[in-house]
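Residue strings, one per chain:
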Amino acid sequence: MKLYNFTPAANALRVEMFLVEKNIQIETIQVNVREDEIFKEPYNTMNPFNCVPFLELDDGTVISETISICRYLEDIYPSPNMFGENSKDTAIIDMWNRRIELDGFLPLLHSVRNKTSFFEGKVIPGTRNKMKQSPELVIRGVEMFKILLNRINPHLYENQFISGNKFSIADITGHFMLYLSKILKIDIKNEYQNVYRWQTELERRTSNPLNKM
Ligand SMILES: N[C@@H](CCC(=O)N[C@@H](CS)C(=O)NCC(=O)O)C(=O)O
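No experiment lies behind these values; they were computed from the predicted model shown.

Attention now moves to helix H5 (residues 135–158). The terminal C-alpha atoms of H5 lie 36 Å apart, and with 24 residues this matches the ideal 34 Å at 1.5 Å per residue to within 8%. Approximately 30 degrees is the largest bend angle found in H5, and it occurs at Ile-152, with the proline Pro-154 only one to four residues beyond. Listed as buried for H5 are Val-138, Gly-141, Phe-145, Leu-148, Leu-149, Ile-152 and Leu-156. Taken together, the buried residues of H5 touch helix H4 (87–115), helix H6 (169–183) and helix H7 (193–204).

Pasting the structure below:
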């Protein structure tokens, strides 16, 4: 099994943090997406969606999508558990992961790609074209994130982690959502104190790959 990744990228870092939390070692090949290696062979054929991360199994099967990769690894390395130990916990963790990913992580990812000059010509992940960056999408992403913050701030007063009292994959997604919010200079500390407490706890984890960058 081989992991194809590019360490500075947010989704790549989600998988790296997951691997450390679970104490899994996998041979990793760095694909420099900044230098467009992802569009070259053999990567283009392996993942025609032209994004990292993706996992190649020993039989040649390629699994892309951050959460699909993590779910596969969880299945073969069940401990420590990150996706839930029974039907109820699994559904609750999945619910939180989807809320965080769809309402926060992805909107902010698009805000960053539509704002930072570095992403000119690369507005949609895995593409290179002349699509213009849209200031409206920057605003929309930040607004969506703030709606989510208003919802999770009271929840995090009563819960140590986003899906309850146990660290899960949803916290890893949350950690990188908050990392994107830092790039966009969104004030969490003064306005959303419970989210800030959660963020501080996530940042202090030894598995946090941002501490090594
Ligand atoms: N839906 C995919 C998205 C992966 C993705 O957006 N990867 C970005 C890095 S964070 C990428 O490889 N972008 C390549 C590029 O646009 O050059 C997932 O969840 O894994």
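Another point: the pairing of strand S2 (residues 27–30). Sheet faces and side chains relate simply in a regular strand, where the side chains alternate between the two faces. Direction of pairing for strand S1 (residues 2–5) relative to S2: parallel, over a ladder of four bridges. Within S2, the residue paired with Leu-3 across the bridge is Thr-28. Following the chain from S1 across helix H1 (residues 10–22) to the adjacent parallel S2, one finds a crossover that is right-handed.

To continue, consider unusual backbone geometry. A negative phi holds for most residues other than glycine; trans holds for most peptide bonds. A cis amide bond, omega 5 degrees, links Glu-41 with the succeeding residue Pro-42. Relative to the helices and strands, Pro-42 resides in the loop between S2 and helix H2 (43–46). For the peptide bond that leads from Ser-79 to Pro-80, omega is -5 degrees, which places it in the cis range. Looking at the element boundaries, Pro-80 is found in the loop between helix H3 (66–76) and H4. A positive phi angle, near 55 degrees, is found at Lys-185, a position not held by glycine.

The next thing to look at is the pairing of S1. Relative to strand S3 (residues 54–56), S1 runs antiparallel, the two sharing three bridges. Along S3, the bridge assignment pairs Tyr-4 with Phe-54.

Moving on to the nonpolar core. In this structure, Val-15, Phe-18, Val-31, Val-52, Ile-169, Phe-176 and Met-177 are the most contacted members of the largest nonpolar core, which totals 44 residues. Within the residue set of this core, elements represented by two or more residues are S1, H1, S3, H3, H4, H5, H6 and H7. Counting only domains with at least three residues in this core, you end up with domain 1 (2–76) and domain 2 (87–212). Excluding residues within four positions of it along the chain, Met-177 makes contact with Ile-100, Gly-104, Phe-105 and Leu-108.

The subject of this paragraph is the site of the ligand. Neighbouring the ligand are Ala-9, Ala-10, Asn-11, Val-33, Ile-38, Cys-51, Val-52, Glu-65, Thr-66, Lys-122, Pro-125 and Gly-126. Residues of the shell around the ligand, tallied by class, amount to seven nonpolar, three polar and two charged.

Attention shifts here to the domain arrangement of the protein chain. Looking at the assigned domains, one finds that the protein chain contains domain 1 (2–76) and domain 2 (87–212). Once you take the C-alpha centre of each, domain 1 and domain 2 turn out to be 20 Å apart. Taken residue by residue, the interface counts 14 residues in domain 1 and 15 residues in domain 2. Of all the secondary-structure elements, those providing two or more residues to the side of domain 1 that touches domain 2 are H1 and H3. Per element, the largest residue contribution to the side of domain 1 that touches domain 2 is eight residues, and it comes from H1. In the side of domain 1 that touches domain 2, the residues fall into nine nonpolar, one polar and four charged.

This part is about the environment of Leu-178. Residue placement: Leu-178 occurs in helix H6. On the neighbour-count criterion, Leu-178 (24 C-beta atoms within 10 Å) is buried. With sequence-adjacent residues up to four places away left out, Leu-178 is seen in contact with Ile-188 and Gln-199.

This brings us to the sheet that holds strand S4 (residues 62–64). The strand order S2-S1-S3-S4 describes an open sheet built from four strands, whose pairing is mixed. The open sheet is flanked by S2 and S4, the only strands paired with a single partner. When strand polarity is set aside, the average angle formed by the axes of neighbouring strands in this sheet is 25 degrees.

Axes are the key here: two packed helices are described by the angle between their axes and the distance separating the axes. With their axes 9 Å apart at the nearest point, H4 and H6 run at an angle of 20 degrees to one another. One finds that H4 runs roughly parallel with respect to H6. Crossing of H4 against H6: the hand is left-handed. When H4 is examined against H6, the residues Ile-93, Trp-96, Asn-97, Ile-100, Glu-101, Gly-104, Phe-105, Leu-108, Leu-109 and Val-112 are found in contact with a partner set consisting of Ile-169, Ala-170, Thr-173, Gly-174, Phe-176, Met-177, Leu-180, Ser-181 and Ile-183.

Conventions and cut-offs
Residues numbered from 1 in each chain as written. Predicted model: local features only at pLDDT ≥ 70, side-chain atom pairs only at ≥ 80, totals over all residues. Helix = DSSP H or I, 4+ residues; strand = E, 2+ residues; numbered from the N terminus. Expected span 1.5 Å × (residues − 1). Bend = angle between axes of the 7 residues up to and from the residue. Buried ≥ 20, exposed ≤ 12 C-beta atoms within 10 Å, placed from the backbone. Contact = placed C-beta atoms within 7 Å. Pairing = 2+ DSSP bridges. Right-handed = clockwise from strand over helix to strand, strands pointing away. Core = buried A, V, L, I, M, F, W, Y, C linked by C-beta atoms within 7 Å. Domains from an automatic or database assignment. Near = placed C-beta within 6 Å. Nonpolar A, V, L, I, M, F, W, Y, C, P; charged D, E, K, R; others polar. Axes fitted to C-alpha atoms, helices over the stretch in contact; angles between N-to-C directions. Parallel < 35°, antiparallel > 145°, perpendicular 65-115°, else oblique. Left-handed = near helix turned anticlockwise from the far one by under 90°.

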